Amino acid sequence: GLTAMDVLEKSPGVLVDKDGNISLKGKPGVLVLIDGKPSYLSSTDLANMLKSMSSSTIDQIELMTNPPAKYDAAGNSGIINIKTKKTKTVGYNGSVTVG
């Protein structure tokens, strides 16, 4: 019953304030990747998306405080990569959450 935001708040070194701003080890301006692709959302839109995403769809969360050269200087404060589970069924699928 947890959301992706709840899981992110419980991750070590990650701080989320009441406005939904994410910081890593006290440094704001964290780049958030979803499945390795940057999310170009504002902090409020990103917080809303993570609150609507179920924790059961997350496979793992990578926290990079010193990102490799592959990511340039995009996230000088750090990078959070949220990897989602991949389904291997053929056809259409979806999920519904009611609260």
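Everything below is about the structure shown above.
Calculation rules
Residues numbered from 1 in each chain as written. Predicted model: local features only at pLDDT ≥ 70, side-chain atom pairs only at ≥ 80, totals over all residues. Heavy atoms only, no water. Helix = DSSP H or I, 4+ residues; strand = E, 2+ residues; numbered from the N terminus. Buried < 20%, exposed > 50% of the residue type's maximum accessible area, 1.4 Å probe, protein only. Areas by Shrake-Rupley, 256 points an atom, 1.4 Å probe, with all protein chains shown as cover. Arc of directions from axis to C-beta. Contact = heavy atoms within 4.5 Å. Pairing = 2+ DSSP bridges.

Chemist: Please explain the overall build of the protein as it appears in this structure.
Modeler: Broken down by element type, the protein carries two helices and seven strands. Along its sequence from the N terminus, the protein presents helices and strands in the succession α-β-β-β-β-β-α-β-β. Looking at the protein as a whole, 30% of its 99 residues qualify as buried. By element, 53% of the accessible surface of the protein is carried by carbon and sulfur atoms, the whole surface being about 6,800 Å².

Chemist: Explain helix α2 (residues 43-52) to me, please; I cannot follow it from the model alone.
Modeler: Since the α-helix advances by 3.6 residues per turn, residues separated by three or four positions end up pointing in the same direction. What α2 keeps buried is the set Leu 46, Ala 47 and Leu 50. With its buried residues spanning 100° around the axis, α2 presents them on a single face. In the core, the buried residues of α2 are packed alongside α1 (4-9), β2 (22-24), β4 (31-34) and β7 (79-84).

Chemist: So what exactly am I meant to see when it comes to the sheet that holds β7 here?
Modeler: Backbone-to-backbone hydrogen bonds pair the strands of a sheet. The strands run either parallel or antiparallel. Pairing is mixed across the open sheet formed by four strands, whose spatial order is β5-β4-β7-β6. Looking at which strands have only one partner, the edges of the open sheet turn out to be β5 (37-38) and β6 (58-64). The pairing of β4 with β7 spans four bridges and is parallel. Note on β7: the bridge partner recorded for Leu 33 is Asn 81.

Chemist: For this particular structure, what's the right way to read the side chain of Ser 11?
Modeler: Residue placement: Ser 11 occurs in the loop between α1 and β1 (14-16). When near neighbours in sequence (up to four residues on either side) are disregarded, Ser 11 contacts Ile 61 and Leu 63.

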